[in-house]
Amino acid sequence: MIYLFQLVNGIGLGMLYFLLAVGLSIIFGLLHFVNFAHGAFYLLGAYLVYDMTERGLNFWAALLVAPIIVGALAALTESVLLRRIYHLPHTFHILVTVGLALMVQELVIILWGPVGGNVPTPDALSGVFILGDFIYPQYRLFVIGLTLVLAIGLWGLLEGTRLGAVVRAGSESTDMVSLLGIDILRVNTAVFALGAGLAGLAGALAAPIRGVEPFMGVEALGIAFVVVVIGGMGSYTGALIAGLLVGIVQSIMTTLWPEGARLMIYLGMGLVILTMPRGLLGRA
Amino acid sequence: MLNRRDLLKLSSVAASSLLLPAGLRPAFAAGEDITIGAPLPMSGPFAANGKFGSMGTAMIVEEVGKVLDRKLGYLEIDTEGKPATAVRKVQEAMERGVTLFAGGILSSEALAMGKEVAKGKGVFITTAGADEITGSECNKGTFRWSVPTFGAIEQTVRPLIEQLPNAKRWYTITPQYVFGDGLLNAAKAIFKEKGIEHVGNSYHSLTEKEFSGYLTNAMAAKPDALLILNFGSQSSDTLRQAVSFGMKKRMTILLAWASGLEQFETLGPDLMEGVYFGAQYWHGIDSPFNRELVAKVQAKHKMNPNYAFASAYLTTKILIDAATKAGSTEGSAVIQAMEGMKYTGLTGDEEIRAADHQVIKNYYLLKGKAKSAMKDKDDYADIISFGKSFQSPEQAQCKMA
C-alpha cells in the first residue's frame, strides 16, 4: 500500500521535473545550446510569485504573470546576448550562461535578501485529498493536473502547428529552414522564451511547495540536467518519461532506502549514460 | 565616448580592485588597540547569519569602547562558511596579533577554527551545534555557548511528552550525519524511558530538498507526534511540506532545533501556528539582561535581536569580561578567567564549565502562535518551558589535553 502512495507522490514530483526539464530540452534540441541559466529562470519565476503575493496580488494572477515576465526577460537576453554566441563551442555557452545564472542569483539576493520566504498555498487548494488511508495535498494534485494539460498542449504545439513544424525542422537543419525563407532568428527567440517561460512556470508552481530561497535555482538545474540526460537531449517525450521515472524512483526509494533516495537518481543517470549514451529517446 | 580599449582597461582595474583581500577589514586601526576577531560567514549561503552576527559584535564593542585602558576594536573575518578559508584567515589574523575570537556559525568551520586558535594559544568561543566541539574534540582554547544535542532534546521532547500524555506514537525525520544521530539517540533514550513507541524514522541526506516521500512514510505509520531533527532550510522545507500534507491537523509537530527569529520570518505564522520549536535563544526571554539587550537593539536598529545577533553579542562580551578579569589578552590568562566563570547572561544565570568549556545555559521550548494572536510582527511564538540539561564532560567524551 505504501508503495502505491509513493508511486502517486512520485508522479506528482515527476510532472514538476518534466516541466522543469522540457524547456531545457527544447532549447537544446533547436538551438544546440547548453543553457546553464535555466535554473535561474526557475528561480526568477518563484521569486516573482513570492514578490507579487507579498504585495497582496492574487496567487492565480501571479502564476499567470510570472512566467510571462520570465519569458520576456529570456527573449531579451536571447536577442541581445545569447544569439551572438550560438556559433561558438559549447564551453562558451557554459561560460556565458553560468555567469548569467550567478548574476541572477546575486540580483535576487540584493532585491529580496539572502534568507528566502514562504509562499502560502492558495486558499482554494490548501486542503488535503483523502481516500481511505491515502492523503495527498490538493495543491499537489492541481500541479499534476495542470502539468498534464500543459504537456498535452505543448505536444500539440510541437506536433500539430506550423511553428512546431518549423521548430522540429530547425532542430534537424537550421540552414535549410533559413533557406526556405523562414526567419529562424525569430523562431530561436520564441523557442528560447518558451523554454525559459516553462522553467519560470515550474518555479512559480513550486513556490508554495518549496518556499523560495536564492539557491533553489542551482538544485533545479541539477535535476533538469539529470532528466534531460536520461530522456535524451532535445527529446520531448524523453523529458516526460525521464521526469516521471526520476520522480517515481526518488519517491519509492524514500521507503526502500531513504538515505540513498537522492543518490539513486544520479546513479540512474550514470547507468543510462553508460548503456544508452544518447539517453532513452535521444537522437544522434 | 567610451571605446572598447578604455572599457577593457577600466574593467581590469575594477577586477583587480575586487580581488583585494576584502575578508580582512579592520573596523578600527590596529596597533596598540585590542582587537577581537569575528570569524563569520559574511558571504555564501549563510551570509544572512553572518551579517546579524557582525552587527551583534559591533554593538558590544562600541558599547564597551575601552578595555584595560586600550581602545577596543574588532576584525570582521569572512569565513565564507568554508573550514579551509576560515582557518587560513584566522591564521592571518593571529599573525597580526589577534588572540581572542568569537564566531563560527557552522559546525565544520567552528571545529576547524577552534583547533587552529588553540594551536596558536588563543581563545575561541562559538555558537555552532556539533557535540564534538565540547565533546570528543574539545580542546583548551575552544568554548561553546550553545546547548548541544542532548540538552536540546531533553528540553523539548521530555516536556512535550509530559504535556501530551496521549501522544504515545512518535515518528522521527533525521539528517544522516553525526548531528542528526546525536539528536536521534537522545530522543530514543527518552522514548524508551517513558514507554513511547518509536514508530519509525526516516534518514535523509544533507542535500535533500524534497520531503514528500519521507512524509508519506511518516503518515503511513500513523504517529501521534512528528519529531523533525534536521535544521536550517531543511527543517523549514520539512515543516512546510508536512503542513501541506495536512499533518498539523493529525498530529503534534516538534521541530527540535530551530534557529529562532531568522527561521520564523521565512516560515510565517500560517505554517507555525500550533507547531512546537526548540530554540537556543528567543527575544521574548524574560531575563533582565535580555530585556536590556532587546531595548538597546530596538533603539539602535529598529528590530529585535535574533539568535545570530544575540549570540555574537554575548560571546564577544564573555571574551571582553574575561580579558578584563584576567587583566590581559593573553590566551592562557583569558582561558583561566573563563573556566568556571559565572555571569548574568541572556538566558538568566549562565556558567562556563571548566572541564569541557561548555556554557551551562537554558534551552527553550516554544509554540507557534496564530497570526491573530501576535502582538507585533515578531511575536511568532510563546515560551512553553525551558531548562538546563547537559551530559557530564565524561559522558560527552571530552578529554581536555
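For clarity, every value in this text was computed on a predicted model and none was experimentally measured.

**Student:** Got a minute to help me understand the packing of helix H9 (residues 216-231) of chain A against helix H10 (residues 236-256) of chain A in this structure?
**Tutor:** Residue and element names in this part refer to chain A. At a minimum axis separation of 8 Å, H9 and H10 run at an interaxial angle of 120 degrees. One element, H9, and the other, H10, form an angle in the oblique class. Two packed elements cross with a definite hand, and for H9 against H10 that hand is right-handed. Of the residues in H10, those in contact with Val 226, Val 227, Ile 230 and Gly 231 of H9 are Gly 238, Ala 239, Ala 242, Gly 243 and Val 246. Grouping the amino acids of the contact of H9 with H10 by side-chain chemistry returns six nonpolar, three polar and no charged.

**Student:** I tried to follow the pattern of salt bridges on my own but got confused; where do I start?
**Tutor:** Residues and elements named next belong to chain B. Inspection of every chain in the model, using the stated rule, returns 26 salt bridges over all chains. The partner of Glu 92 in a salt bridge is Arg 88, and the shortest N-O contact between them spans 3.5 Å. Here Glu 92 pairs with Arg 88, and both are found in helix H3 (residues 83-95), just four residues apart, close to one helical turn. By relative accessible area, which is 26% here, Glu 92 ends up partly exposed. For the salt bridge of Lys 296 with Glu 292, the shortest nitrogen-to-oxygen distance reads 3.8 Å. Placement of both Lys 296 and Glu 292 in helix H13 (residues 288-301) is noted, with a separation of four residues, approximately one turn of the helix. With relative accessibility at 24%, the residue Lys 296 sits in the partly exposed group.

**Student:** Just to check I follow, could you spell out the interface of chain B and chain A for this structure?
**Tutor:** How big an interface is tends to be expressed through the accessible area that disappears when the partners come together. Each partner contributes residues to the interface: chain B has 29 residues there, and chain A has 32 residues. For the pair chain B and chain A, the two sides together bury roughly 2,600 Å², of which 55% comes from carbon and sulfur. Looking at the side of chain B facing chain A, the largest losses of area belong to Lys209(B), Glu210(B) and Arg240(B), adding up to 19% of the total buried there. Residues Arg140(A) and Glu210(B) are paired through a salt bridge, measuring 3.3 Å at the closest nitrogen-oxygen approach.

**Student:** Sorry if this is basic, but what is going on with a nonpolar patch on the surface here?
**Tutor:** On the surface, a cluster of nonpolar side chains totalling about 430 Å² of accessible area is made up of Ile241(A), Leu245(A), Val249(A), Met276(A), Leu280(A) and Leu281(A). Take Leu280(A): its relative accessible area is 31%, and that puts it in the partly exposed class.

**Student:** What am I meant to see in the state of the cysteines here?
**Tutor:** Note: disulfide means a covalent bond formed between the sulfur atoms of two cysteine side chains. Residues and elements named next belong to chain B. Inspection of every chain in the model, using the stated rule, returns one disulfide over all chains. Across a sulfur-sulfur distance of 2.1 Å, Cys 138 and Cys 398 are joined as a disulfide pair. Every disulfide takes its handedness from the sign of the S-S torsion; for Cys 138 and Cys 398 that torsion is 85 degrees, giving right-handed. With Cys 138 in the loop between strand S6 (123-126) and strand S7 (142-144) and Cys 398 in the segment after strand S17 (381-387), this pair connects stretches of sequence that are 260 residues apart. Comparing Cys 138 with Cys 398, the two get one shared label, buried.

**Student:** Explanation requested: the packing of aromatic side chains in the structure shown.
**Tutor:** Pairs of aromatic rings are described using the distance from one ring centre to the other and the angle between the two planes. Counted by the stated rule, this structure contains 23 aromatic pairs over all chains. Geometrically, the ring pair formed by Phe18(A) and Tyr236(A) is edge-to-face, given 5.8 Å between the ring centres and 80 degrees between the ring planes. Placement of Phe18(A) in helix H1 (residues 2-31) and of Tyr236(A) in helix H10 is noted, with a sequence separation of 218 residues between them. On the basis of relative accessible area, Tyr236(A) is assigned to the buried category, the value being 13%. Both rings, one in Trp145(B) and one in Tyr307(B), keep their centres 6.4 Å apart while their planes meet at 25 degrees; by these two values the pair is stacked. Note that Trp145(B) is positioned in the loop between S7 and helix H5 (149-154) and Tyr307(B) in helix H14 (residues 307-326), a separation of 162 residues in sequence. As far as burial versus exposure is concerned, Trp145(B) and Tyr307(B) are alike and both buried. Taken together, Phe33(A), Phe41(A), Tyr86(A) and Phe192(A) form an aromatic cluster joined through their ring pairs. Directly above the aromatic system of Phe52(B) lies the positively charged group of Lys51(B), at a separation of 4.8 Å from the ring centroid. Here Lys361(B) stacks its cationic end above the ring of Trp145(B), 4.5 Å away from the centre of that ring.

**Student:** Help me out: how do you make sense of the environment of Ser25(A) in this one?
**Tutor:** Residues and elements named next belong to chain A. Within the secondary structure layout, Ser 25 lies in helix H1. Counting along the chain gives 202 residues from Ser 25 to Val 227, while the straight-line C-alpha distance between them is 9.1 Å. If near-sequence neighbours (up to four positions away) are discounted, Ser 25 is found in contact with Val 228, Gly 232, Met 233, Gly 234 and Ser 235. A distance of 3.2 Å separates the side chain of Ser 25 from the backbone nitrogen of Ser 235, its partner in a polar contact.

**Student:** Looking at this structure, I do not really get the sheet that holds strand S14 (residues 348-352) of chain B. What am I missing?
**Tutor:** Whenever strands of a sheet pair, they do so through backbone hydrogen bonds, lying parallel or antiparallel. Residues and elements named next belong to chain B. The strand order S13-S14-S15 describes an open sheet built from three strands, whose pairing is antiparallel. Whereas interior strands pair on both sides, the edge strands pair on one side only; in this sheet they are strand S13 (342-345) and strand S15 (359-360). Here S13 runs beside S14; their pairing, made up of four bridges, is antiparallel. Across the sheet, the residue bridging to Lys 342 is Glu 351, located in S14.

**Student:** Looking at this structure, how should I read the environment of Tyr313(B)?
**Tutor:** Residues and elements named next belong to chain B. You can see Tyr 313 is positioned in helix H14. Sequence-wise, Tyr 313 and Ile 34 are 279 residues apart; in three dimensions their C-alpha atoms are separated by 17 Å. One polar contact links Tyr 313 to Glu 63, side chain to side chain, over a distance of 2.8 Å.

**Student:** How should the packing of H14(B) against helix H15 (residues 331-338) of chain B be read in this particular structure?
**Tutor:** The packing of two helices is summarised by the inter-axis angle and the distance between the axes. Residues and elements named next belong to chain B. Close contact between H14 and H15 brings their axes to 8 Å; oriented N to C, the two are set at 105 degrees. Between H14 and H15, the crossing angle belongs to the class labelled roughly perpendicular. Each of Ile 318, Leu 319, Ala 322, Ala 323, Lys 325 and Ala 326 in H14 lies in contact with H15, whose residues at this interface are Ala 333, Val 334, Ala 337 and Met 338. Split into classes, the residues belonging to the contact of H14 with H15 amount to nine nonpolar, no polar and one charged.

**Student:** Just checking my understanding: could you explain the pairing of strand S2 (residues 34-40) of chain B for this structure?
**Tutor:** Within a regular strand, side chains alternate between the sheet's two faces. All names here are of chain B. The buried count for S2 comes to seven of seven residues, which makes it a mostly enclosed element. Looking at chain direction, S2 and strand S4 (residues 70-78) are connected through seven bridges and run parallel. Residue pairing in the sheet places Pro 39 in a bridge with Ile 77 of S4. Pairing analysis gives two bridges linking S2 to strand S5 (residues 100-102), with the strands arranged parallel. When the sheet's bridge partners are listed, Gly 37 is paired in S5 with Phe 101.

Reading guide: rules and limits
- Residues numbered from 1 in each chain as written.
- Chains lettered and ligands numbered in written order.
- Predicted model: local features only at pLDDT ≥ 70, side-chain atom pairs only at ≥ 80, totals over all residues.
- Heavy atoms only, no water.
- Axes fitted to C-alpha atoms, helices over the stretch in contact; angles between N-to-C directions.
- Helix = DSSP H or I, 4+ residues; strand = E, 2+ residues; numbered from the N terminus.
- Parallel < 35°, antiparallel > 145°, perpendicular 65-115°, else oblique.
- Left-handed = near helix turned anticlockwise from the far one by under 90°.
- Contact = heavy atoms within 4.5 Å.
- Nonpolar A, V, L, I, M, F, W, Y, C, P; charged D, E, K, R; others polar.
- Salt bridge = Lys/Arg side-chain N within 4 Å of Asp/Glu carboxyl O.
- Buried < 20%, exposed > 50% of the residue type's maximum accessible area, 1.4 Å probe, protein only.
- Buried area = accessible area lost by both parts, 1.4 Å probe.
- Patch = residues over 30% accessible without salt bridge, like charges linked within 9 Å, V, L, I, M, F, W, Y side chains within 5 Å.
- Areas by Shrake-Rupley, 256 points an atom, 1.4 Å probe, with all protein chains shown as cover.
- Disulfide = S-S within 2.5 Å.
- Phe/Tyr/Trp six-rings, centres within 6.5 Å; stacked < 30°, edge-to-face > 60°.
- Lys NZ or Arg CZ within 6 Å of the ring centre and 35° of its normal.
- Polar contact = N/O pair within 3.5 Å; in protein donor to acceptor, adjacent residues only side chain to side chain.
- Pairing = 2+ DSSP bridges.

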